[in-house]
Amino acid sequence: MSHTSAVSSQPASGRPDQPILTVSGLEIRIRTGQGSFAVVSDMALSVAPGETVCIVGESGCGKSMTALSLLRLLPEAASVTGGKIEIDGVDLLALDQRTVEDYRGEKIAMIFQEPLTALNPVLTIGEQIAEAVRQHRKLGRRAAFDRAVEALRLVQMPDPQRRARQYPHELSGGMRQRAMIALALVCEPRILVADEPTTALDVTIQAQILGLISDLQKRLGTALVMITHDLGVVAEIADRVVVMYAGRRIEEASANDLFDNPMHPYTLGLLGAIPRSHAGAKVGSRLVDITGTVPPLWDLPKGCAFAPRCPKAVSRCHQERPEFEEKQPGHFAACWEVTHANG
Amino acid sequence: MQTADGSAPLLTVNGLKVHFAIRKGVLNRVVGAVRAVDGVSFSLRRGETLSLVGESGCGKSTTGLALLGLLKPTGGQVEFDGQTVRDFRGAALKSYRKRVQIIFQDPFSSLNPRHRVRDIIRAPLDIHQVGTRAERDARVAELMERVGLRPDQANNFAHQFSGGQRQRIGIARALALNPDIIVCDEPVSALDVSVQAQILNLLSDLQRDLGVAFLFISHDLGVVEYLSHRVAVMYLGKIVEIADKTAIFANPSHPYTELLIGSAPSLDPRNRHQFKASNDDIPSATNKPSGCSFHTRCPLATDACRESEPQLSLRDDGRSLACHHR
């Protein structure tokens, strides 16, 4: 994994803070027998090398669909119907299938939530990683396998020589997730997309895997897009945070700003709903709960999608959808009730 | 056994063991055992919440299932209201089953998709033949309202409800017979955080109003800290520390409790944990280390820990702890 390391320390796009991944105006629709509906609308994202952006939200908010679209891995029924995804200035949506396959692994790679379903059960993990290497590098079987063992060592797999010859079912959950990270990083992609990589893991293993991901990211200068529902994970690793609700961005800020000064009532509700934010409170004290449930995406209310559950909603919220706009420098929100800078 | 306030505990568990045989080969010979629960003791008082917390495979769910008689204990004793559960037969057994109920983790697989909500909630009343048919239907309506469901939805099927609503159905079913104890097996871990908060608030209201005791099984320290009066931390089939909630969270004593609490992400990006990319080879219940099961991961481990197993013992500050060094 050495001959490409020059690439990661010196981004081809010039200035180190130049984004390597830019998404704008992204719309993803799902087709059904009764027509189609949008699951992601007007999504935008910009990630620089070495930067970590977290997309956070609850089930069905569109965070995973956004992640899959970044690798053109959307399921059959879903497709990108608007907007742009640019990797290093190249429009991903305009590429032919062959080139997209070259991009995956080399430019952008993904870690999935459940390694047991994402890994191939009939190949040893060493073979799977070697296969990814041979897709992108002219290497013989032997050399590719050695590269795989090296990648497993990089993710601190215990006894990598032996583990490389084992099948996914022979490994523990934490080791499988390490194998998947090795598989994703073996060709040193510029961008890593991680979809809930620690959700299926125990908390002590989660701590190890989060430590590993941010360690490798620093070392390789990878841009990281992390999808999660867990604000604790966000607080641990994010530089910037995008909060999604019902397919749209509702707030975006640096991690510090978001936790210091959450603006959108939904973000406030999410933070208040976390039991740990009430640490030290008496037994029997109440959590902030957001009443009701997320509306179905095919039947969104007119106006702000959160209005029916929002404690601050006024009549305007039910009529007009608020623009996603900069309320304070670098801090964006889509809410009529949040005023501009110190207003 | 007497509790601090002098009242006898409602449920006392003494040295509970649940082992599963490992069988191999054409003769199905027993070649070993998974010691899922390996000598667990605790007591539960009326109206309190005791949490069993630990990671996958520590035996917390198995403990809950064994208490309900859904798994047969290999050893040890469970006493309910001063009487030995194993000796219960006939009416006594039926009454025990009435007074101890369970809420399951997965609100999708724990409700029969072919039954209407009314029938699901009424099933315990039917089985125990409580009241007349009309009384049972009235009770179903009352329960639905109690857990925040609209009684006019009683004829719907489970799949017509969201995950949070389904968990409310499971709670209504568990409440139907006015139990003294509800075993809550990870009741909120399948739910989104905003819905999770709704269910946790409901559970805490129910305890306040009905005085029901919860044995709350969870891997989520945040949830445990919010809901519990006392906490028992389990590791590989044993309780390693048991104490009041504040003692556990403000001042964890067992090195494993410390590791668990230290591994939970903070909610403050200015004060990050800086997790290490470390790697322990983590043992399981099939290959338990000798002596103290935690010694392979413990920073304090010495030869004593590798050789002899520390017993859970009561300390001066009121907590029970199984550690040679603390």
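Residues numbered from 1 in each chain as written. Chains lettered and ligands numbered in written order. Predicted model: local features only at pLDDT ≥ 70, side-chain atom pairs only at ≥ 80, totals over all residues.

1. Digging into the overall build of chain A
Each helix and strand counted, chain A has 13 helices and 12 strands in total. In terms of overall size, chain A behaves like a compact globule, its C-alpha atoms giving a radius of gyration of 21 Å where 343 residues would be expected to give roughly 20 Å. Each of the three principal axes of chain A carries a C-alpha extent, and together these read 65 × 50 × 45 Å. When burial is assessed residue by residue, chain A has 49% of its 343 residues classed as buried. Taking all contacts inside chain A whose residues are at least 6 apart in sequence as the whole, residues at least 24 apart take part in 63%. (Helix = DSSP H or I, 4+ residues; strand = E, 2+ residues; numbered from the N terminus. Rg over C-alpha atoms; globule rule 2.2 N^0.38 Å. Buried ≥ 20, exposed ≤ 12 C-beta atoms within 10 Å, placed from the backbone. Contact = placed C-beta atoms within 7 Å.)

2. Here we look at the interface of chain B and chain A
At the interface, 41 residues of chain B touch 42 residues of chain A. Counting only elements with at least two residues in the side of chain B that touches chain A, the list comes to α6 (193-210), α7 (221-227) and α9 (255-263) of chain B. Examining the composition of the side of chain B that touches chain A, we find that nine residues originate from one element, α6 of chain B, more than from any other. Taken together, the residues of the side of chain B that touches chain A sort by class into 16 nonpolar, 16 polar and nine charged. (Nonpolar A, V, L, I, M, F, W, Y, C, P; charged D, E, K, R; others polar.)

3. Things to note about the sheet that holds strand β2 (residues 29-44) of chain B
Residues and elements named next belong to chain B. Strands sit in the order β2-β1-β4-β5 across an open sheet of four strands; the sheet is antiparallel. The open sheet has two free edges, formed respectively by β2 and β5 (83-84), since each of these has just one partner strand. Pairing between strand β1 (residues 11-24) and strand β4 (residues 75-80): five bridges, direction antiparallel. In the sheet register, N14 faces β4, and the bridge partner there is Q77. (Pairing = 2+ DSSP bridges.)

4. Notes on the packing of helix α5 (residues 163-175) of chain B against α6 of chain B
All names here are of chain B. At a minimum axis distance of 9 Å, the contact between α5 and α6 shows a crossing angle of 20°. When the axis of α5 is compared with that of α6, the two are roughly parallel. Classified by chirality, the crossing of α6 by α5 is right-handed. Two secondary-structure elements touch here, α5 through G163, G164, Q167 and I171 and α6 through V195, Q198, I199 and L202. Its residues assigned to classes, the contact of α5 with α6 shows four nonpolar, four polar and no charged. (Axes fitted to C-alpha atoms, helices over the stretch in contact; angles between N-to-C directions. Parallel < 35°, antiparallel > 145°, perpendicular 65-115°, else oblique. Left-handed = near helix turned anticlockwise from the far one by under 90°.)

5. Points about the sheet that holds strand β7 (residues 181-185) of chain B
Two orientations exist for strands paired in a sheet by backbone hydrogen bonds: parallel and antiparallel. Residue and element names in this part refer to chain B. In spatial order, the strands read β6-β7-β8-β3-β9-β10-β12-β11; together these eight strands make up an open sheet with mixed pairing. For this open sheet the edge positions go to β6 (100-103) and β11 (313-314), each flanked by a neighbour on one side alone. Sheet topology note: the β7/strand β8 (residues 213-218) ladder contains five bridges and is parallel. Counterpart to I182 in the pairing with β8 is F214.

6. Quick look at helix α1 (residues 60-67) of chain B
Residues and elements named next belong to chain B. With respect to burial, α1 is a largely interior element, seven of its eight residues being buried. Considered for burial, the residues of α1 that qualify are K60, S61, T62, T63, G64, A66 and L67. Looking at the residues trailing α1, positive phi occurs at G69, about 80°.

7. A word on the confidence of the model for chain B
For chain B, per-residue confidence averages 91 on the pLDDT scale, and 97% of positions sit at 70 or higher. The ipTM, which scores confidence in the relative placement of chains, is 0.85 for this predicted complex, and the corresponding pTM is 0.88. (pLDDT = per-residue confidence, 0-100.)

8. Thoughts on the confidence of the model for chain A
In this model, chain A carries a mean pLDDT of 89, and residues with pLDDT of at least 70 account for 92%. Scored below 50 in pLDDT, residues 1-15 of chain A shows 21 contacts in the model against residues more than four places distant or in partner chains.

9. Some thoughts on unusual backbone geometry
Despite not being glycine, Q156 of chain A shows a phi value in the positive range, around 60°. With respect to the secondary-structure elements, Q156 of chain A resides in the loop between α6 (141-154) and α7 (160-163). With a phi angle near 50°, Q129 of chain B is a residue other than glycine that sits in the positive phi range. Along the chain, the position of Q129 of chain B falls in the loop between α3 (117-127) and α4 (133-146). For Q129 of chain B, a count of 8 C-beta atoms within 10 Å gives the class exposed.

10. With respect to the nonpolar core
Residues and elements named next belong to chain A. One finds A148 and A182 to be the most contacted residues of the largest nonpolar core, which totals 195 residues. Considering each element in turn, this core owes the most residues, nine residues, to helix α9 (residues 203-220). Apart from residues lying up to four places away in sequence, A182 is in contact with I129, A151, L152, L154 and V155. (Core = buried A, V, L, I, M, F, W, Y, C linked by C-beta atoms within 7 Å.)

11. Some remarks on the pairing of strand β10 (residues 238-244) of chain B
All names here are of chain B. Among the seven residues of β10, six are classified as buried, and the element is accordingly described as predominantly covered. Bridge analysis of strand β9 (residues 230-235) against β10 gives six bridges, and the strand direction is antiparallel. Looking across to β10, one finds that A232 is bridged to I242. Here β9 folds back onto β10, and the loop between the two strands holds two residues, one of which, L236, carries a positive phi near 45°. Summarising the sheet, β10 and strand β12 (residues 320-321) pair through two bridges and their orientation is antiparallel. Along β12, the bridge assignment pairs I242 with S320.

12. Regarding the packing of α3 of chain B against α5 of chain B
All names here are of chain B. Between α3 and α5, the least distance of the axes is 7 Å, while the angle of their chain directions is 30°. Classified by the interaxial angle, the pair formed by α3 and α5 is roughly parallel. Viewed along their axes, α3 and α5 form a crossing whose handedness is right-handed. Together, V117, I120, I121, A123 and P124 of α3 and I169, A172 and R173 of α5 make up the contact between the two elements. Across the contact of α3 with α5, the residue classes tally to seven nonpolar, no polar and one charged.

13. With respect to the environment of C298 of chain B
All names here are of chain B. As for its position among the elements, C298 is in the loop between α9 and α10 (303-307). Each C-alpha atom of the pair C298 and L93 lies 43 Å from the other, and the pair is 205 residues apart in sequence. Sequence-distant contacts of C298, defined by excluding residues within four places in its chain, comprise P255 and C305.

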